[in-house]
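# Descriptive analysis of the structure
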Amino acid sequence: MNYDFSAIEKKWQKHWDEINAFKAENKSDKEKYYVLVEFPYPSGAGLHVGHVRSYTALDSLARIKRAQGYNVLFPMGWDAFGAPAEQYAIKNHVYPANMVKECIKTFKNQIKDLGLSFDWSREFATTDPEYYKWTQWQFLEFYKAGLAYKDLKEINWCPKCKTGLSNEDAAGGVCERCGTPTTKKLKNQWMLKMSAYADSLIEGLKDTEFLDKIKTAQINWIGKSIGAEVDFSLKGLDEKLSVFTTRCDTLFGVTFMVMSPEHKLLEKYKSHIKNIEEVEKYQEEAKHKSEIERTDMTKEKTGVKIDGIKAINPVNGKEIEIWISDYVLANYGTGAIMAVPAHDERDYEFAKKFGIDIVPVIEGGDISKEAYVGDGIHINSEFLDGLGKEDAINKMIEFLEKNKIGKKTVNYKLQDWIFSRQRFWGEPIPMVYCEKCGWQMVPYEELPVILPDVPSYEPTDNGESPLSKVDEWVNTTCPCCGGKAKRETDTMPNWAGSSWYWIRYMDPHCETGIADMDAMKYWGQVDLYNGGMEHATRHLLYARFWNQFLYDRGIVPVREPFKKRVAHGMILGENNEKMSKSKGNVVNPDDMVKTYGADALRTYEMFIGDYTKDASWSENGLKGCKKFLDRIYRLETKLNNEEGYSKDLESDINKTIKKVTDDILTMNYNTAVSSLMILLNKYDKKDSITKKDYRIILQLLNPIAPHITEELNEVNKLGPEFTKSAWPEYDESKIIDESYEIGVQVNGKLRASITVLKDEDEESVKEKAFKEENVKKYTDGKDIVKTIVIPNKIVSIVVK
RNA sequence: GCCUUCGUGGCGGAAUGGUAGACGCGCUGGACUCAAAAUCCAGUGAUAGCGAUAUCGUGUCGGUUCGAGUCCGACCGGAGGCACCA
């Protein structure tokens, strides 16, 4: 159809800009609604059709909420620190800030072309000094609270990126950025004491409406486990080796102990170890293995027996061997375990390989074949004999605590957040080191610590940040004594800027704090937060931790930042595979907007399928949606001069108002679009429609296809602009049908269908059912066992 | 291995335990046209039949129910997450 959709779209986008149609006010009598979509990384590749999907989805929701009288905050900004900009800088030897500016410009233009109702007056980038000033300020808050500390730590190290990584960024033993297997490296790092919030992060989930799978992912990541710490004394030494166990009831089955190769006691008692060379060789090997190699479960167990040191089992005084093996992790529990080969698969495998005793203490299974990990009655366990698992654990803890050889303990997989990166493109950590005074905070009036330009953006081979080469920046004076001091040259991780950005949106230009308290109190929680599943355990956990900390410091008024979290599905290529340049299946939203228009692209992406599930792209599907909009356009030729709704459309119209409203607010966009298609089909069957008929279908479609609907509403003089109109209500009395066509089943098989009045008398419905020829055919001459009439639904006849 | 999910036409996908396949794509036939595109009309799960209709049909096998895509159990397959966490 030839109408100039590009001109129409441009016209309305310009108009909305001019009248500030989507500006959210911080002072309002209206009820607030805060919709947030994760801000994008403005990469050079530009917008992806996946962005269009989630942005449009939340946009249509925001538009309805506004029309329903809410003061809606729907902001957009840029998460612009991080790898791609830095990679580009390294390659082209340019300061990343300029490149980032260019990318943001492109991204923003692409987003603007889609007619999304973002409040652009609140836009910012995490790389703006006005923004990262406050990121640095908050770091100092962590420091003041004792939750930011520098520590010599075994950290995850990516040999390719030459930087340290948090545990979250090195999940699975590979670097999140480049996929290189990570190794361990001892390094002085800034850490945030996230572990202090482990329980609080689990507890807080109760106050959110996250999807269960997101909650589960977080709970698993935090990995809380309740057990006991038990002290084993070392024979002939005034020393004890502590272990953490969830099964202290199996203590009588302990036949050896295993320390991680990194365990501190190995260094301390070096002189007592007769085979120290062998031990050190093993330690060296473990160090050079990548995390993947170390945690590969299919590999055979390895280990070295420590010759010269033995432990005493505290419950029975038996002497047991101590081994070192890399299947024991240094950073979980105490870094050492008590091994119960009879009832633990890993210990069993180890014991079998090295010929260590296996003593069963729980009845069941056959320990000559495998470790028995099931429940059962305790045996060979003196005072625990005859007890079940729960009782035995309780009794043992009581025993341990009474004899001061152990206590009940809780352990978490969640570690402190490694917050240092030896990279250039990140927020400088605002700390100064003075030989005399130690670590000092950069004074508040000197914030932000501006990221300077450097001669080279590459990470250095010695594992220091490129910033360390900028002498005039590094060398400074100590805020405490005024003497010579050096700046911290590590930068913050990519996740820092995104850990509080939703707060800044509430008051983006605030100069006295991260945001004004009144603004934060007004906007409160984000009502709906949309983002990818890949952020369920990283961004979302960091952000919640950060916010809970701010809450505890009295800086923000709410403890949980996000009320509801939803995740969109991916848009795959036409070949059902993830879109990628190498597969050549990337669809560029710009091209689609040019060819079919933003409205058609938006409608298609809403229609493509279940919002939360992956869907594959189909250009024919997009064409179909363009056709739908063309048909909507053509309705103008059918306008008559009658008032109100057409009588015969009233019921359908009211039903559609209800359906579209409910569907969009519950994010069932595909069925919202389809119900509008159904309504259009009804309109098309008629010779003419009224202005009111036309306006309502345009208004219902407006949140999804905002430009063309405004245009048609205007040129046909149907009513005020939709951005200035209240969302329509439906008339309950009009959506009730007067009659229904219902099925008649005989012995569960459909044999006929009859028309009945609403709530028609049961006897009369039965009568109609039995009058049907095809029903008679299956019931005549048979015993009618029973007849079930479900009002307005179905008649079910059972015969014999 | 554990956890979470999902299995419906040629395709994307609809279905509060109540007439499976809405809506869209594609395809077939027709109208309009010199022709094409666009548009409009009709048809479109499989099998049999001119047809009314019948049988089969929501991954497989069972179960509950008057009635199961939907609930329960076992299994098969795909996707995602976790995984030597003591």
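Residues numbered from 1 in each chain as written. Chains lettered and ligands numbered in written order. Predicted model: local features only at pLDDT ≥ 70, side-chain atom pairs only at ≥ 80, totals over all residues. Heavy atoms only, no water.

A tally of regular secondary structure across chain A gives 25 helices and 25 strands. A principal-axis box enclosing the C-alpha atoms of chain A has dimensions of 100 × 85 × 50 Å. Per-residue burial for chain A yields a buried fraction of 54% across its 800 residues. In chain A, of all internal contacts separated by at least 6 residues, the share reaching a separation of at least 24 is 72%. If you sum the accessible surface of chain A, you get close to 35800 Å²; carbon and sulfur atoms cover 49% of it. Side chains of chain A carry 112 positive and 125 negative charges; the gap between the two charge centres is 1 Å. (Helix = DSSP H or I, 4+ residues; strand = E, 2+ residues; numbered from the N terminus. Buried < 20%, exposed > 50% of the residue type's maximum accessible area, 1.4 Å probe, protein only. Contact = heavy atoms within 4.5 Å. Areas by Shrake-Rupley, 256 points an atom, 1.4 Å probe, with all protein chains shown as cover. Lys, Arg positive; Asp, Glu negative; His and termini not counted. Charge placed at Lys NZ, Arg CZ, Asp CG, Glu CD.)

This next bit is on the pattern of salt bridges. Scanning the entire structure with this criterion turns up 51 salt bridges. A salt bridge links Lys-32 to Asp-527; the shortest N-O distance between them is 2.8 Å. Pair noted here: Lys-32 is in strand β1 (residues 32–37) and Asp-527 is in strand β18 (residues 526–530), with a separation of 495 residues, a long-range link. The class for Lys-32 is buried, based on a relative accessible area of 17%. Residue Asp-527 is classed as buried on the basis of its relative accessible area of 12%. A salt bridge links Lys-281 to Glu-285; the nearest nitrogen and oxygen atoms lie 3.9 Å apart. Placement of the pair is Lys-281 and Glu-285 together in helix α9 (residues 276–288), with a separation of 4 residues, close to one helical turn. For Glu-285, a relative accessible area of 37% translates into the label partly exposed. (Salt bridge = Lys/Arg side-chain N within 4 Å of Asp/Glu carboxyl O.)

Take the sheet that holds strand β13 (residues 417–418) next. With antiparallel pairing, 4 strands are arranged side by side in an open sheet as β4-β3-β5-β13. In this open sheet, the two strands that pair with only one neighbour each are β4 (163–165) and β13. Sheet analysis places strand β5 (residues 183–192) next to β13, joined by 2 bridges and oriented antiparallel. The residue bridging Leu-192 from the neighbouring strand is Trp-417, located in β13. (Pairing = 2+ DSSP bridges.)

This next bit is on the packing of helix α17 (residues 589–596) against helix α18 (residues 598–607). Axis separation between α17 and α18 bottoms out at 7 Å; the angle between their running directions is 115°. Counted together, Pro-589, Met-592, Val-593 and Tyr-596 of α17 and Ala-598, Ala-600 and Leu-601 of α18 form the full contact between these two elements. (Axes fitted to C-alpha atoms, helices over the stretch in contact; angles between N-to-C directions.)

The α-helix advances 3.6 residues per turn, and as a result positions three or four apart in sequence lie on the same side. End to end, helix α2 (residues 49–67) covers 27 Å across 19 residues, agreeing with the expected 27 Å (1.5 Å per residue, within 8%). For α2, the tally of buried residues reaches 18 of 19 residues, placing the bulk of the element in the interior. Positioned one or two residues after α2, Gly-69 has a phi angle of 100°, which is positive. (Expected span 1.5 Å × (residues − 1).)

The next thing to look at is the environment of Pro-493. You can see Pro-493 is positioned in the loop between β17 (484–487) and α14 (501–504). A C-alpha to C-alpha distance of 9.6 Å links Pro-493 and Gly-164, two positions 329 residues apart in sequence. If we skip the residues at most four places from it in the chain, Pro-493 touches Trp-417, Phe-419, Arg-421 and Glu-427.

Turning our attention to the protein's contact with RNA strand B. Near RNA strand B lie 50 residues; those nearest to it are Thr-246, Lys-301, Arg-346, Glu-741 and Lys-793. Backbone atoms, meaning sugar and phosphate, make up 59% of the atoms of RNA strand B lying within 4 Å of the protein. One of the backbone nitrogen or oxygen atoms of Thr-246 is found 2.5 Å away from a sugar or linking oxygen of RNA strand B. Between a sugar or linking oxygen of RNA strand B and a side-chain N or O atom of Arg-634, the distance comes to 3.5 Å. (Near = heavy atom within 4 Å. Polar contact = N/O pair within 3.5 Å; in protein donor to acceptor, adjacent residues only side chain to side chain.)

The subject of this paragraph is the sheet that holds strand β15 (residues 438–441). The strand order across the open sheet built from 4 strands is β15-β14-β17-β16, with neighbouring strands paired in antiparallel fashion. Looking at strand neighbours, the two that pair on one side only are β15 and β16 (475–477), the edges of this open sheet. Shown here is a sheet whose adjacent strand axes are inclined to one another by a mean of 40°, direction ignored. With 3 bridges connecting them, strand β14 (residues 431–434) and β17 associate as antiparallel partners. Its bridge partner being in β17, Cys-434 is matched across the sheet by Ala-485. Lying over the sheet, helix α5 (residues 129–144) contacts β14 and β15, oriented at roughly 130° with respect to β15.

Bringing the packing of aromatic side chains into the picture now. For the structure shown, the criterion picks out 53 aromatic pairs. Measuring from centroid to centroid gives 6.3 Å for Tyr-95 and Trp-425, while their planes differ by 80°, and the two rings are edge-to-face. In this pair, Tyr-95 is assigned in the loop between α3 (83–92) and α4 (96–112) and Trp-425 in the loop between β13 and β14, connecting sequence segments 330 residues apart. The buried category is assigned to Trp-425, whose relative accessible area is 6%. Taken together, a centroid distance of 5.8 Å and an interplanar angle of 15° make the contact between Phe-139 and Phe-419 stacked. Note that Phe-139 is positioned in helix α5 and Phe-419 in the loop between β13 and β14, a separation of 280 residues in sequence. For the pair shown, Phe-139 and Phe-419 are each scored as buried. (Phe/Tyr/Trp six-rings, centres within 6.5 Å; stacked < 30°, edge-to-face > 60°.)

Once that is clear, we can look at unusual backbone geometry. Generally, phi is negative for residues other than glycine and the peptide bonds are trans, each holding for most cases. Geometrically, the link from Leu-447 to Pro-448 is a cis peptide bond, its omega value of 0° lying close to zero. Relative to the elements of secondary structure, Pro-448 occurs in the loop between β15 and α13 (471–474). Unusually for a residue other than glycine, Met-667 sits at a positive phi of about 65°. Of note, Met-667 is situated in the loop between α20 (650–665) and α21 (669–684). Take Met-667: its relative accessible area is 10%, and that puts it in the buried class.

Let us now look at the confidence of the model for chain A. Of the residues in chain A, 100% reach a pLDDT of 70 or more, and the chain-wide mean stands at 91. Mean pLDDT values for the elements of chain A range from 75 in helix α10 (residues 291–295) up to 98 in α14. Reported confidences for the modelled complex are a pTM of 0.92 and an ipTM of 0.94. (pLDDT = per-residue confidence, 0-100.)

This part is about the nonpolar core. The biggest cluster of nonpolar side chains holds 168 residues, and the ones touching the most others in it are Ile-111, Phe-139, Trp-502 and Trp-617. In terms of residues, this core owes the most to one element, α2, which gives 9 residues. Non-local contacts of Phe-139, meaning those with residues more than four positions away in its chain, are made with Ala-148, Trp-190, Leu-192, Phe-419, Ile-429, Pro-430, Met-431 and Met-492. Listed in part, the 40 residues of the second largest apolar core include Leu-237, Val-254, Leu-265 and Val-340. (Core = buried A, V, L, I, M, F, W, Y, C linked by side-chain atoms within 4.5 Å.)

So, about the environment of Leu-36. Note that Leu-36 resides in strand β1. Non-local contacts of Leu-36, meaning those with residues more than four positions away in its chain, are made with Leu-58, Pro-75, Tyr-501, Trp-502, Tyr-505, Val-526, Leu-528, Tyr-529 and Asn-530.

Let us look at the pairing of β15. Pairing analysis gives 4 bridges linking β14 to β15, with the strands arranged antiparallel. Among the inter-strand pairings, Val-432 is bridged to a residue of β15, identified as Gln-440. Connecting the antiparallel pair β14 and β15 is a turn made up of 3 residues.

Our next topic: the side chain of Asp-599. Tracing the sequence through the fold places Asp-599 in helix α18. This buried residue, Asp-599, is left without a salt bridge; Arg-602 holds the nearest opposite charge, at 4.8 Å. Here the side chain of Asp-599 touches Ile-708 through a polar contact of 2.8 Å, landing on its backbone nitrogen. Dropping the residues within four chain positions of it, Asp-599 is found in contact with Glu-9, Leu-629, Ala-705, Pro-706, His-707 and Ile-708.

The next point concerns the pairing of strand β23 (residues 749–757). Here strand β22 (residues 739–746) runs beside β23; their pairing, made up of 8 bridges, is antiparallel. The residue of β23 that forms the bridge with Ile-742 is Ile-754.

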